[in-house]
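Take a look at the letters that make up each chain.
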Amino acid sequence: MKRVGILAGREITFPESIIKSINEKSSGKVEAEMIKFGGIRLDEPKRYEVIIDRISHEVPYYRATLKRMALEGTYIINNPFWWSADDKFFNFSLAAKLGVAIPKTVLLPQEKYIDAITPESLRNLEFPLDWEGIVNYVGFPAFLKPFDGGGWKNVSKIHSLEELWDVYNQTGTLCMTLQEGIEFDQFVRCYCVGREKVLIMPYDPSQPYLSGSQYVNVENYLTPELHARVEKDVKTICNALGYDLNTVEFAIKDGIPYAIDFMNPAPDAEIASVGEYNHNWIVNAMTDFIFKKLESGFETPDYKWSAMLNPPEKSAKKILPKAKPVEKKARAKKA
Ligand SMILES: Nc1ncnc2c1ncn2[C@@H]1O[C@H](COP(=O)(O)OP(=O)(O)OP(=O)(O)O)[C@@H](O)[C@H]1O
Ligand SMILES: [Mg+2]
């Protein structure tokens, strides 16, 4: 029996639905359940084939546990190592290099630092910052937002340099980015599963967050050309980052889809928020992805330790060449 574990926070309907969906379609070969664990031993055996992680970004103990489970060969959705290393500014820069339209974005030094950091610790930091140069590049309106965040926390729309200073001065130790604001004609959020299946959801960010009225159902919302470009960009981004489950957001202006947020490795999937259609789509797509991969095998990310634990035969031979008799003699003489 192959086991799939779900690690979740307060959300209710997505964990319930994915467990039900996997168990109903498994014909007794796969079992899905909520995970339970406590103290993790360093020789903890493998318990799950796959774990769907929805919450370890908020619980360091869970993140460390998942990394340990990956060492045993459990496939984690999403990869806890990359997720720990990832940030939104890196992602913007990477996606821009890959041909995705990204609003002009600047990474800003923090407003405050931990107590142990004094002005002497920051000798590499340009001071004062060239604020004029930064806002001339980004323009107004702009969005001041964390380089790694979620839930619309600490995201502000900015209209002037004075307003920027005012808001920036309250950001404390958060590392922030300033991004060109796209005065969009259309807006979409896209689910991507297995780096290949995409659902484009028309989305109205002017409605209250998680209210259930943000996801609007509009037939043929995008032209076929835009639809194709958005789908291609979503796949490019998710393949580059290696996320098996992600949401990519686009603000669309003058026919150009600008990707403004795509580090969402535990995307909202609750019925009350995303609606029944989108919820069912993501549950079915994840179930199909997991079954397909349990059958064909999950690609193990390319870790150094993984190669050392399972050396391919060829490289094992390379590491241990047979010493020629002459060399043996020479070595014996030296000794
Ligand atoms: N560059 C931008 N241009 C236009 N609107 C933006 C831009 N950046 C952010 N927004 C608006 O602010 C909202 C929140 O920003 P963002 O998605 O970056 O934050 P978040 O905290 O990651 O949100 P979530 O948790 O929904 O993923 C976006 O949904 C969008 O409506
Ligand atoms: Mg967002």
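These numbers were taken from a predicted model, which means no experiment stands behind them.

**Digging into the overall build of the chain**
Then step 1. Helix and strand content of the chain: 12 helices and 12 strands.
Then step 2. If one aligns the C-alpha atoms of the chain with their principal axes, the spans along those axes are about 80 × 60 × 45 Å.
Then step 3. Looking at the 335 residues of the chain, the share that counts as buried comes to 28%.
Then step 4. Considering only contacts in the chain between residues 6 or more positions apart, those separated by 24 or more positions represent 68%.

**Observations regarding the pairing of strand β6 (residues 142–146)**
Then step 1. Among the five residues of β6, four are classified as buried, and the element is accordingly described as predominantly covered.
Then step 2. In this sheet, strand β7 (residues 156–158) lies alongside β6 in antiparallel orientation, the contact comprising three bridges. Its bridge partner lying in β7, Ala142 is registered against Ile158.
Then step 3. Across five bridges, the pairing between β6 and strand β8 (residues 176–180) is antiparallel. Each bridged residue has a counterpart across the sheet, and for Lys145 the counterpart in β8 is Thr177.

**Side note on the site of ligand 1**
Then step 1. Ligand 1 sits among 19 residues. The nearest are Phe143, Gly150, Ile182, Pro205 and Asp261.
Then step 2. By residue class, the composition of the shell around ligand 1 is eight nonpolar, six polar and five charged.
Then step 3. Shared between two domains, the shell around ligand 1 takes at least three residues from each, and those domains are domain 2 (104–180) and domain 3 (186–295).

**Here's the deal with helix α2 (residues 60–71)**
Then step 1. Over its 12 residues, α2 runs 17 Å from end to end, which matches the ideal 16 Å to within 8%, given 1.5 Å per residue.
Then step 2. Turning to α2, its buried residues number three or more, namely Tyr62, Thr65, Leu66, Met69 and Ala70. Viewed along the axis of α2, the buried residues span an arc of 140 degrees, placing them on a single side of the element. Away from the buried face of α2 by more than 90 degrees, exposed residues Pro60 and Tyr61 are located.
Then step 3. Looking at the residues trailing α2, positive phi occurs at Gly73, about 100 degrees.

**What about the packing of helix α1 (residues 13–25) against helix α9 (residues 276–296)?**
Relative orientation and spacing of two packed helices are given, respectively, by the angle between their axes and the distance between those axes.
Then step 1. Running from N to C, α1 and α9 point in directions that differ by 45 degrees, and their axes come no closer than 9 Å. In terms of orientation, α1 lies oblique with respect to α9. With respect to the hand of their crossing, α1 and α9 are arranged in right-handed fashion. Of α9, the residues touching α1 (which contributes Thr13, Ser17, Ile18, Ser21, Ile22 and Lys25) are His279, Val283, Asn284, Met286, Thr287, Ile290 and Phe291.
Then step 2. Its residues placed into classes, the contact of α1 with α9 shows six nonpolar, six polar and one charged.

**Concerning the pairing of strand β1 (residues 2–7)**
The side chains of a regular strand alternate, first on one face of the sheet and then on the other.
Then step 1. Across five bridges, β1 lies against strand β2 (residues 30–34) in parallel orientation. Directly across from Lys2, in β2, lies its bridge partner Val30.

**Remarks on the domain arrangement of the chain**
Then step 1. The domain architecture assigned to the chain consists of domain 1 (2–85), domain 2 (104–180) and domain 3 (186–295).
Then step 2. Centre-to-centre, using C-alpha coordinates, domain 2 lies 28 Å away from domain 3.

**Looking at the sheet that holds strand β12 (residues 256–261)**
Then step 1. The strand order β10-β9-β11-β12 describes an open sheet built from four strands, whose pairing is antiparallel. Strands with a single pairing partner mark the edges of an open sheet, and in this sheet they are β10 (197–202) and β12. Geometrically, the sheet is characterised by an average inter-axis angle of 30 degrees between neighbouring strands, direction not taken into account.
Then step 2. Judged from the six bridges that link them, strand β9 (residues 186–193) and β10 form a sheet pairing that is antiparallel. Across the sheet, residue Cys192 finds its bridge partner in β10, namely Val198.

**Thoughts on the nonpolar core**
Then step 1. Ile18, Cys190 and Ile237 are the most contacted members of the largest nonpolar core, which totals 53 residues.
Then step 2. Residue contributions to this core peak at six residues, all from β9.
Then step 3. If sequence neighbours within four positions are ignored, Ile237 has contacts with Ala95, Val100, Val248, Ala259 and Phe262.
Then step 4. Val138, Phe143, Ile158 and Leu164 belong to the second largest nonpolar core, which has eight residues in total.

Definitions and cut-offs
Residues numbered from 1 in each chain as written. Chains lettered and ligands numbered in written order. Predicted model: local features only at pLDDT ≥ 70, side-chain atom pairs only at ≥ 80, totals over all residues. Helix = DSSP H or I, 4+ residues; strand = E, 2+ residues; numbered from the N terminus. Buried ≥ 20, exposed ≤ 12 C-beta atoms within 10 Å, placed from the backbone. Contact = placed C-beta atoms within 7 Å. Pairing = 2+ DSSP bridges. Near = placed C-beta within 6 Å. Nonpolar A, V, L, I, M, F, W, Y, C, P; charged D, E, K, R; others polar. Domains from an automatic or database assignment. Expected span 1.5 Å × (residues − 1). Arc of directions from axis to C-beta. Axes fitted to C-alpha atoms, helices over the stretch in contact; angles between N-to-C directions. Parallel < 35°, antiparallel > 145°, perpendicular 65-115°, else oblique. Left-handed = near helix turned anticlockwise from the far one by under 90°. Core = buried A, V, L, I, M, F, W, Y, C linked by C-beta atoms within 7 Å.

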